[in-house]
Amino acid sequence: MSYIYIVLKTLQIKLLPDEEQKQALVDTFVAFNEACDFASKIAFEKKLYNKVFLQRIVYRDIREKFNLAAQLAVRVIAKVVETYKADRTTFHVFRDFGSIVYDPRILSFKGIDQISVSTVHGRIRIPMTIGKYRKIPFERIRGQCDLVRKNKLFYLMVAVETPEEAIIKPENIMGVDMGIVNIAVDSTGKYYSGDQINEVRDHNADLRSRLQAVGYNHASRKSAKRHLKKLSGKERRFARDTNHVISKEIVHKAKGTSSAIAIENLDGIRMRTTVRKGKRYIHNSWSFHQIRSFIEYKAREAGIPVIAIDPHNTSRECPICHTISKKNRPERSQFRCISCGLEGEADYIASLNIRNRAAVSQPIVAGAIFDHIDPPAASQRASAVGS
Ligand SMILES: [Zn+2]
């Protein structure tokens with residue numbers, strides 16, 4: 001039996017704007033991200049993290065103050081709400097050229113060499129080059145795409161569904177839990193620790209909150225913003241390196257044991273990010289999303305299938321007698337089954353449940369590879385097409 005599974009590949013399409021179009025894009029980026037700051041301030045001050053409620057309050061102001069089209073204003077609110085899903089302990093500041101999410105209502109392809117895109121100066125057509133890609137499989141484009149600016153050039157990041165064949169026929173399944181205490185735990189009982197990364201982040205979280213205290217409604221806002229940017233860059237590079245090392249180790253181990261890798265769908269990971277106060281920043285969905293996508297693409301390169309499972313109650317279910325109860329978790333890091341008495345470290349127990357669920361019958365899937373550093377958009381999920 002061989003597997004065909006769907007991966008989301010991200011095409012990077014370069015835009016070729018003339019000077020006037022370039023200015024329109026720059027103005028749109030700045031307006032979009034300033035609008036994000038505006039919405040972020042209100043969300044944070046009013047503790048309003050729900051898209052519908054926030055939209056009710058800020059939508060009209062965003063449209064008027066920042067001259068954004070209706071759908072771009074909606075995107076601003078969505079982006080702000082999304083980043084607060086990961087972390088509500090600090091006020092979020094957006095960099096001037098943070099990516100803009102476009103959906104088909106505000107961006108469309110005109111043939112193979114042009115896009116039509118909504119800007120603060122109205123809708124414009126911009127030439128593009130598909131470069132090394134022979135063609136763009138328009139029929140397989142997934143919903144939204146990101147407009148990004150790198151080194152003063154503009155790119156469209158387009159997620160495309162691509163069928164691939166897994167090379168190995170797995171004989172085992174290795175469950176991997178993205179843990180609370182550890183970055184990951186696998187179902188053989190191996191812990192992948194994040195001690196080092198956590199220390200650096202604790203230190204930086206302190207610094208950040210101090211910078212943010214001076215940062216808002218103050219003359220030095222620009223400079224505080226610059227410091228914040230620098231800080232998060234350093235921190236993110238560090239997290240990224242750690243995530244690379246750990247994901248590599250996990251995939252290497254799976255290959256050595258002819259195992260498919262089972263992981264939770266992203267939604268579940270996000271649900272579990274409400275960890276003890278003060279540590280919340282550390283386990284944000286951005287980092288989980290990154291390590292997950294690293295595991296997926298390294299697994300794909302190694303020909304290892306990745307199975308995404310329904311994450312509900314993976315931390316509350318007993319892997320032996322299958323009793324599901326909140327009471328199975330007397331402490332955060334501890335599992336003790338109220339029916340059969342099974343005891344263990346909570347993250348490890350979760351990894352066993354993940355493995356068991358994958359074994360029952362699951363499609364083989366893998367997710368998107370996103371390289372840029374903005375917080376992730378909604379969960380990327382692909383479905384299986386064959387067996
Ligand atoms: Zn039990």
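What you see is a predicted model, and the numbers here were worked out from it, not measured in a lab. (Residues numbered from 1 in each chain as written. Predicted model: local features only at pLDDT ≥ 70, side-chain atom pairs only at ≥ 80, totals over all residues.)

A. Spatial organisation of the nonpolar core. Of all hydrophobic cores here, the largest spans 45 residues; its most connected members are F32, A35, A39, L68, V76, I77 and L156. Residue contributions to this core peak at 9 residues, all from helix α1 (residues 19-46). Not counting chain neighbours up to four residues away, the residues in contact with F32 comprise L68, L72, V76 and I100. Residues I183, V185, A260 and I349 belong to the second largest nonpolar core, which totals 34 residues. (Core = buried A, V, L, I, M, F, W, Y, C linked by C-beta atoms within 7 Å. Buried ≥ 20, exposed ≤ 12 C-beta atoms within 10 Å, placed from the backbone. Helix = DSSP H or I, 4+ residues; strand = E, 2+ residues; numbered from the N terminus. Contact = placed C-beta atoms within 7 Å.)

B. View of helix α2 (residues 51-66). The terminal C-alpha atoms of α2, which comprises 16 residues, lie only 19 Å apart, well short of the 22 Å expected from a rise of 1.5 Å per residue. On the buried face of α2, the contacting elements are α1 and α3 (70-86). (Expected span 1.5 Å × (residues − 1).)

C. View of α1. The end-to-end C-alpha distance of α1 is 40 Å, a good match for the 40 Å that 28 residues give at a rise of 1.5 Å each. Just downstream of α1 lies K47, where phi reads positive at about 50°.

D. Molecular detail of the confidence of the model for the chain. With 73% of its residues at a pLDDT of 70 or more, the chain shows a mean pLDDT of 79. In the model of the chain, strand β15 (residues 365-368) stands out as the element of lowest mean pLDDT, 34, in contrast to α1, which has the highest, 96. Taken as a whole, residues 268-283 scores under 50 in pLDDT and shows 26 contacts with residues more than four places along the chain or in a different chain. With pLDDT under 50 throughout, residues 362-387 is counted as low confidence; its partners more than four residues away or in other chains account for 81 contacts. (pLDDT = per-residue confidence, 0-100.)

E. Structural context of the sheet that holds strand β8 (residues 172-177). Strand order in this open sheet of 5 strands is β10-β9-β8-β11-β12, and the pairing throughout is mixed. Of all strands in the sheet, those with a lone pairing partner are β10 (191-192) and β12 (306-309), marking the two edges. Looking at chain direction, strand β11 (residues 259-264) and β12 are connected through 4 bridges and run parallel. Pairing of E264 across the sheet is with I309, part of β12. (Pairing = 2+ DSSP bridges.)

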